[in-house]
Amino acid sequence: MSWLGALWSAADKARKFATEACKRLRNLSYDFYDRYFRRRYHTLVVEESLPARLKRRYLYVVQEDGFEEQAAMMCPCGCGRVLHMNLLPDQRPCWRLTTNANGTASLHPSVWRQKDCGSHFWLREGRVIWCSDV
Ligand SMILES: [Zn+2]
């Protein structure tokens, strides 16, 4: 390899390293932003079906024929599972969804995933309030 080639490959390595470092830094700052500035869940109304991938910190409300059918969100513990909450009053269990003046949502009763991660929390005004009894 000529010195030019060696220089080139070193420059390429440096470039890759810098790109990787930038990416990490961006993810890190995004996490930070997510954690401290955007703690409330946004509410997103979708028609008929959920998207294949849910965004974190979004509460999805599935509507069909004008009826709120179910709410879904990524489990706030970070386990990556999707939580589904039925909103139809003739099915059990059933949650009541309240939309607040500031556009956030509240769910009643609390969400308790009794298997897997065991997350138990309230969603109030778009905020996750963990229950301490688990
Ligand atoms: Zn979880």
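Asker: How would you sum up the pairing of strand S8 (residues 120–124)? Please name residues and give values.
Answerer: Burial along S8 is one-sided: the residues Phe 121 and Leu 123 are buried and none of His 120, Trp 122 and Arg 124 is. In this sheet, S8 lies alongside strand S7 (residues 111–112) in antiparallel orientation, the contact comprising two bridges. Across the sheet, Trp 112 pairs through a bridge with His 120, a residue of S8. Bridge count for S8 against strand S9 (residues 127–130) is four bridges, and the pairing is antiparallel. Paired with Phe 121 across the strands is Trp 130, a residue of S9.

Asker: Just give me the short version of the nonpolar core, but keep the residues and values in it.
Answerer: Core analysis: the largest hydrophobic core is formed by 14 residues, its most contacted members being Leu 59, Ala 71, Met 73, Leu 107 and Leu 123. Breaking this core down by element, the ones donating at least two residues are strand S2 (58–64), strand S3 (67–74), strand S6 (105–108) and S8. Apart from the residues lying within four places of it in its own chain, the contact partners of Leu 107 are Ala 71, Met 85, Trp 95, Leu 97 and Leu 123.

Asker: So what about the domain arrangement of the protein? Which residues, and what values?
Answerer: Domain annotation of the protein identifies domain 1 (1–38) and domain 2 (39–130). The straight-line distance from the C-alpha centre of domain 1 to that of domain 2 is 36 Å.

Asker: Let's hear about unusual backbone geometry: which residues, and what values?
Answerer: A cis amide bond, omega -10°, links Arg 92 with the succeeding residue Pro 93. Here Pro 93 is to be found in the loop between strand S4 (82–86) and strand S5 (96–99). Looking along the chain, the bond that leaves His 108 and enters Pro 109 is cis, with omega of 0°. One can find Pro 109 in the loop between S6 and S7. For Arg 57, which is not glycine, the phi torsion reads 60° and is therefore positive. Along the chain, Arg 57 turns up in the loop between strand S1 (42–47) and S2. Residue classification places Arg 57 among the partly exposed positions, given that 16 C-beta atoms sit within 10 Å. At Asp 116, a residue that is not glycine, the phi angle is positive and equals roughly 55°. Following the sequence through the fold, Asp 116 ends up in the loop between S7 and S8.

Asker: If you had to explain the environment of Val 82 to someone new, which residues and values would you point to?
Answerer: When you line up the elements, Val 82 lands in strand S4. A residue is classified by how many C-beta atoms lie within 10 Å of it, and Val 82, with 12 of them, is exposed. Setting aside residues no more than four positions away along its own chain, Val 82 makes contact with Leu 54, Ala 72 and Met 74.

Reading guide: rules and limits
Residues numbered from 1 in each chain as written. Predicted model: local features only at pLDDT ≥ 70, side-chain atom pairs only at ≥ 80, totals over all residues. Buried ≥ 20, exposed ≤ 12 C-beta atoms within 10 Å, placed from the backbone. Helix = DSSP H or I, 4+ residues; strand = E, 2+ residues; numbered from the N terminus. Pairing = 2+ DSSP bridges. Core = buried A, V, L, I, M, F, W, Y, C linked by C-beta atoms within 7 Å. Contact = placed C-beta atoms within 7 Å. Domains from an automatic or database assignment.

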